[in-house]
Each structure stands twice: as C-alpha cells, then as structure tokens.
Amino acid sequence: MSDLFNKPPAPIKPKIHESWLNVLYNEFQKEYFRKIKKFLLEEKQLGKTIFPAGSRIFAAFDATPFDKLKVVILGQDPYHGVGQANGMCFSVNPNVRHPKSLINIFKEIENQTGAKYPISGDLTPWASQGVFLLNAILTVEAHKAASHQHIGWQQFTDAVIQTISTNKEGVIFLLWGRYAQNKEKLIDTSKHHILKSAHPSPLAAHRGFFGNGHFIKVNEILTKADKKGIDWQL
C-alpha cells in the first residue's frame, strides 16, 4: 500500500512542438510547473476567462521550433483584451486593431527597411523564419494586465532563455526596455548577440527605440554568419 501512495505523479506532456518538449521535458515535471497547470485549471473552473486560449499558450514555441530559432524578441505578458492575444509577444490576431507598441514596431521597420506598414498584426511570418516571440508570462486573466505574473511563468521562461543560451550559438536577443534587459544575466554573451534599446511603447519609444536600427542589424549579423536574413515585410 505504501508503494501506491509513494508513486510519482504522472509526467506532464503539454501540447508543444516536439523539439521544445525534448529540451524542456524536465522543466515540465517540476513542482512549480505543476502548480501553474493546477492554477489555470482552477481559474477555468471558476469561470474566469484566460488569454490566450489554451491551445495557443505555447504558440510561439510551435511557430518557431528549437532547431530553427535564430532571433529572440522578449515581451512581458499577453494582451488582455478580447481577441488580441495569440500566444506570441507583440503579435495580435488578424483583423485586430494594432496595439500602440506594435504600431511603433511597424513604424520603425518601415523607417529602417522601407517595408510597407502591414494590414495584419499577426507576426507568424516572422516566427516561421526563426524569430522566437517569447512573452515572459504566458497567460493573463481577461482585462487584468499582469494578473498572472506571480504564478510561476517567469521561472519557466527564464529556464527557456537559459536553455537557448546553453544549447545554441549565435542567437540574436532583442531586449527592449528594462524588463527585457534584466534577462541579460541569463544569456551567455560570449556566444550570443544582444541588442538593447528602449521599449516600443508610446511612453518610451522616443527615448531610444526609434532609430535603434535593430531590424537592419539582425540581418547584418545573420548574413555575416552565413544565415538567411529575416524578411520583416508582412
């Protein structure tokens, strides 16, 4: 009978691209991740609306397999308005009004590269080229910004960043704003590239995001490494 009670919990295998499941499997089995899963299930049972939809929580991972990853853009947490969040930082679903930070990103791309301002704010085409669009917090309660910042997601995504840093080389990290820049300590700067600037939000964009040249610099770095550059035109 004692063996029954001491039986280890069943392994967690979230619906996530196999390449990420392979490198993060042990992280999914940790107690803090089990608590995240339990919290989200309990919130759903209470009738609370969580963004993005459950099938989209790991959308950034599915869109950019681990072995295809070349660039990381780090955001904070998902949009909390109805229909906005699609599981990738700064990205919104098609036919959704562009948030102000995304507008500034598109303006800067237009200024740097000449790419026309796009109709859709869905950044999936970037992700499919190797741009990993990671939010540090992967879920949020509807209409309550940063409501899930203390449930354990940051421990998980810190581990994701460290996994990238340890197991890959030559990745370009775009760290916009103080929050993202605090993650620099997780990255081995001897073998990866870090580009830093102000955040694209309306409150900060004019303090260094505009004119940062990051989208051009990314392609210069990739080309120098004999890798295909990113087509920023959506």
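Structural notes, computed from the coordinates. It should be emphasised that the depicted structure is a prediction, and the values quoted were computed from it without experimental measurement.

Parameters at a glance
- Residues numbered from 1 in each chain as written.
- Predicted model: local features only at pLDDT ≥ 70, side-chain atom pairs only at ≥ 80, totals over all residues.
- Heavy atoms only, no water.
- Phe/Tyr/Trp six-rings, centres within 6.5 Å; stacked < 30°, edge-to-face > 60°.
- Lys NZ or Arg CZ within 6 Å of the ring centre and 35° of its normal.
- Salt bridge = Lys/Arg side-chain N within 4 Å of Asp/Glu carboxyl O.
- Buried < 20%, exposed > 50% of the residue type's maximum accessible area, 1.4 Å probe, protein only.
- Helix = DSSP H or I, 4+ residues; strand = E, 2+ residues; numbered from the N terminus.
- Core = buried A, V, L, I, M, F, W, Y, C linked by side-chain atoms within 4.5 Å.
- Contact = heavy atoms within 4.5 Å.
- Axes fitted to C-alpha atoms, helices over the stretch in contact; angles between N-to-C directions.
- Parallel < 35°, antiparallel > 145°, perpendicular 65-115°, else oblique.
- Nonpolar A, V, L, I, M, F, W, Y, C, P; charged D, E, K, R; others polar.

As for the packing of aromatic side chains
So, step 1. By the definition in use, this model includes 24 aromatic pairs.
So, step 2. An aromatic cluster is defined as three or more aromatic residues linked by ring pairs; in this entry it consists of Trp20, Phe28, Tyr32, Phe33, Phe58, Phe61, Phe66, Phe132, Trp153 and Phe156.
So, step 3. The positively charged end of Lys168 is found above the aromatic ring belonging to Phe66, 5.1 Å away from the centroid.

Some words on the pattern of salt bridges
So, step 1. In total, this model carries six salt bridges according to the counting rule given.
So, step 2. A salt bridge links Lys144 to Glu141; its shortest N-O distance comes to 3.4 Å.
So, step 3. A relative accessible area of 44% means that Lys144 is categorised as partly exposed.
So, step 4. Across the salt bridge formed by Glu184 and Lys196, the nearest N and O atoms sit 3.0 Å from each other. Note that Glu184 is positioned in the loop between helix 8 (177-181) and strand 6 (193-197) and Lys196 in strand 6, a separation of twelve residues in sequence.

Regarding the environment of Leu203
So, step 1. Within the fold, Leu203 resides in the loop between strand 6 and helix 9 (214-224).
So, step 2. We classify Leu203 as exposed; its relative accessible area is 73%.
So, step 3. Considered as a pair, Leu203 and Gly170 are 33 residues apart in the sequence and their alpha carbons are 31 Å apart.

Let's talk about the nonpolar core
So, step 1. Judged by nonpolar contacts, the single largest core of 66 residues is most densely connected at Trp20, Phe58, Phe61, Phe132, Trp153, Phe156 and Ile164.
So, step 2. Apart from the residues within four sequence positions on either side, Phe156 is in contact with Leu24, Glu27, Phe28, Tyr32, Phe33, Phe58, Phe61 and Leu138.

Some details on the packing of helix 5 (residues 100-113) against helix 9
So, step 1. The geometry of helix 5 relative to helix 9 is characterised by a closest axis approach of 8 Å and an angle of 60° between their N-to-C directions. On the basis of their axis angle, the class for helix 5 and helix 9 is oblique. Packed against helix 5, whose contacting residues are Ile105, Glu108, Ile109, Gln112 and Thr113, the element helix 9 presents His214, Phe215 and Ile216 at the interface.
So, step 2. Across the contact of helix 5 with helix 9, the residue classes break down as four nonpolar, three polar and one charged.

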